[in-house]
Amino acid sequence: MTFSPILMKLDLGKEIAHELEIEEVFSFKLFGVTVSVDESTVVSWIIIAVMTVLAIILTRNLKVQGPITKRQAFLELIYEKGEGFFKGLIGEKGYGFIPWLMSMALFIGISNIIGIFSPTFLGSLKPPTKSMQVTTIMALTSIFVVELATFKAKGFKGRIKAFAQPIWIITPINILEVFTKPLSLAMRLFGNVLAAFTIMELIKIVTRNTIAPVIFSLYFDIFDGLLQAYIFVFLTALYIEEGIAEPEKQEKRKKKKKRKKAKA
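So, a few notes on the structure that sits alongside this text. (Residues numbered from 1 in each chain as written. Predicted model: local features only at pLDDT ≥ 70, side-chain atom pairs only at ≥ 80, totals over all residues. Heavy atoms only, no water.)

So, the overall build of the protein chain
Thought 1: Helix and strand content of the protein chain: eight helices and two strands.
Thought 2: Each helix (α) and strand (β) of the protein chain, taken in turn from the N terminus, gives the series α-β-β-α-α-α-α-α-α-α.
Thought 3: Here the protein chain, with 264 residues, has 31% of them falling under the buried criterion.
Thought 4: A fraction of 65% describes how many contacts in the protein chain between residues 6 or more apart in sequence connect residues 24 or more apart.
Thought 5: Accessible area for the protein chain stands at about 17,500 Å²; split by element, carbon and sulfur atoms hold 69% of it. (Helix = DSSP H or I, 4+ residues; strand = E, 2+ residues; numbered from the N terminus. Buried < 20%, exposed > 50% of the residue type's maximum accessible area, 1.4 Å probe, protein only. Contact = heavy atoms within 4.5 Å. Areas by Shrake-Rupley, 256 points an atom, 1.4 Å probe, with all protein chains shown as cover.)

See below:
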């Protein structure tokens, strides 16, 4: 009786450590360097493949004119809702990045909730977003898109000048922010997904052979997973909007020029 709580803690710790461990699936040599592919990478490939196949199937035989099917009406409704949401965040200038934002939201959302389909005939599918390398790559990709949008909107000189705004003395802070943004995005997504995953594993271990895991899974596996996907793309959209927004001085100058033209 005295040692049972200690043994329970040790068992829980071992089981959680096993669930959180990212195992190697296979490896190969490339130019003399051993490349290791872990399960988070393989699950990411599976998600991308499934998303691609579904996209091809769902977008077949779409019509531009004439009566449309219920499938097309549903797809158009979903796209219009997503388009309207992101358009309200980033405006007309960032319109071209909306498909990428929606794709990223779908990928992160599916990655976060993939645990509910485990185990499957493919084995245990662990959320790839509980791997720091996956969240870091996604965050770096997001910031690359943000910088691309900024350079496209402001040009090379305009982007360099933006580092010295609103005052030149904070230039180092603005430069540092370019690197802290992806770090914060990666850590936020990784930390929240890992915490939810750990809590769910604890609940599954403690409440075995009960209905409790199913109830808690509705929040930790589904709601929280989709919420984290929303937060990730929401922040990325805000960074894009911030990058393509014009400084107040430039806006005032443009307004003055428009007024002069109107008067003339």
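Considerations on the packing of helix H2 (residues 39–58) against helix H4 (residues 98–113)
Thought 1: Between H2 and H4, the shortest axis-to-axis distance is 10 Å and the interhelical angle comes to 125°. Taken together, the axes of H2 and H4 are oblique relative to one another. Both H2 and H4 take part in a crossing whose hand is right-handed. Contact with H2, carried on its side by Ser44, Ile47, Ile48 and Met51, involves Ser103, Leu106, Phe107, Ile110 and Ser111 of H4 and no other residues of that element. (Axes fitted to C-alpha atoms, helices over the stretch in contact; angles between N-to-C directions. Parallel < 35°, antiparallel > 145°, perpendicular 65-115°, else oblique. Left-handed = near helix turned anticlockwise from the far one by under 90°.)

Section: helix H6 (residues 171–206)
Thought 1: Between its terminal C-alpha atoms H6 stretches 52 Å, which fits the 52 Å expected from 36 residues at 1.5 Å a residue.
Thought 2: Along H6, the largest kink reaches about 35° and is centred on Val178; proline Pro182 follows within four residues of it. (Expected span 1.5 Å × (residues − 1). Bend = angle between axes of the 7 residues up to and from the residue.)

Some thoughts on the environment of Ser131
Thought 1: If you trace the backbone, Ser131 turns up in the loop between H4 and helix H5 (132–162).
Thought 2: Among the residues examined, Ser131 registers a relative accessible area of 3% and is labelled buried.
Thought 3: Sequence-wise, Ser131 and Val193 are 62 residues apart; in three dimensions their C-alpha atoms are separated by 9.3 Å.
Thought 4: Other than its neighbours up to four places away in sequence, Ser131 contacts Ile22, Ser40 and Phe190.

By themselves these figures say nothing about function.
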